[in-house]
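# Breakdown of the fold
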Amino acid sequence: MDHDERRRFFRIDDVVAVHYEVMMDDEAVEQQKSLRQERLGPRDRIMDSEKELQLLIDKLRTQNPEFARAIELLNIKFSILKDESRDRPGDLYGSNQIIQEVSISACGLSFGYETRIAAGRKMFLDTTLLPTDLHVRTMSEVVDCSVDPADPDRYQKRVEFYDLDDQEEELLVQHLVKRQGKLIGQQRLEAELKRGID
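The notes below deal with the structure included here. Everything numeric in this text was worked out from a predicted model, so none of it was measured.

Rules used in this analysis
Each chain has its residues counted from 1, following the order in which its sequence is written. Only residues with pLDDT of at least 70 get local features here, since the model is predicted, and only at 80 or more are side-chain atom pairs given and counted; chain-wide, interface and lining totals rely on the full set of residues. The side-chain figures draw on all heavy atoms in the structure; neither hydrogens nor water molecules are used. When DSSP finds two or more bridges between a pair of strands, those strands are recorded as paired. Segments assigned H or I by DSSP are reported as helices when at least four residues long, segments assigned E as strands when at least two residues long, and all are numbered from the N terminus. Here the axes come from fitting lines to C-alpha atoms, over the contacting stretch only for helices, and the angles between their N-to-C directions go from 0 to 180 degrees. Contacts between residues were defined by any pair of non-hydrogen atoms, one from each residue, lying within 4.5 Å. Salt bridges are defined as contacts in which a side-chain nitrogen from Lys or Arg sits within 4 Å of a carboxyl oxygen from Asp or Glu. Here's how the labels work: a residue is buried when its accessible area is under 20% of the maximum for its type, exposed when over 50%, partly exposed in between, all with a 1.4 Å probe on protein chains only.

### Here's the deal with the sheet that holds strand 4 (residues 122-129)
Here we have six strands rolled up into a closed barrel, ordered 1-2-3-6-5-4, and antiparallel in their pairing. Taken pair by pair, the neighbouring strands of this sheet meet at an average axis angle of 45°, ignoring direction. Pairing between strand 5 (residues 134-148) and strand 6 (residues 151-162): nine bridges, direction antiparallel. Of the residues in strand 6, the one forming a bridge with Met139 is Tyr162. The strands touched by helix 2 (residues 25-38) are strand 1 (12-23), strand 4, strand 5 and strand 6; relative to strand 5, the strand with the most contacts, the crossing angle is about 155°. Contacts between helix 5 (residues 166-197) and the sheet are confined to strand 1, strand 2 (98-104), strand 4, strand 5 and strand 6, with strand 1 contributing the most and set at about 150° to the helix.

Written out as structure tokens, the structure is:
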């Protein structure tokens with residue numbers, strides 16, 4: 001497995017906002033066409049510029065962390081102001097969007113829900129990365145849906161992305177790397193604090 005493939009399959013546990021719509025095959029084809037068209041519209045151009053800005057902030061972070069943080073805070077402020085015009089900040093789908101723990105990589109997602117969905121079914125998936133509030137919108141296919149061992153009243157869905165835009169894939173990879181870095185930093189701090197107490 002080469003370096004790029006390892007980056008795509010790298011998986012972490014995270015908290016994101018998830019909205020999905022299960023579709024018949026013909027609906028999925030139409031949604032896929034619609035997504036491609038939307039990527040050219042004003043709303044998606046704004047989202048694309050936010051994603052590109054986030055990628056640049058991530059690159060800048062290695063050279064000048066304080067400056068990168070300042071730009072990131074300005075971007076968060078702008079996103080909050082933009083979201084104020086909506087009914088619920090950061091939420092395009094109302095109650096159909098759920099903030100929850102997931103297992104995520106640049107090629108798929110695993111999350112729990114109350115309903116079972118058969119493997120092979122197509123889904124439109126909008127994943128909002130937190131705290132940046134950036135949306136990754138793509139088509140996906142259910143590869144497995146089984147009873148959640150931790151909660152028999154819920155099902156654990158595993159989906160694979162398809163037709164994921166290159167920029168969104170890179171955004172996901174950068175998000176995963178950044179989250180993993182924070183998790184490692186927290187674990188080191190906790191270990192140091194524990195050693196200090198002992």
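Now that the structure has been shown, we can carry on.
### Section: the pattern of salt bridges
Enumeration according to the criterion identifies eleven salt bridges in this entry. Residue Arg158 pairs with Asp144 through a salt bridge whose shortest N-O separation is 3.9 Å. Taken together, the residues Arg158 in strand 6 and Asp144 in strand 5 connect sequence positions 14 residues apart. We classify Arg158 as partly exposed; its relative accessible area is 42%. Overlapping salt bridges bring together Asp58, Arg61, Arg69, Glu72 and Lys178 as one network.

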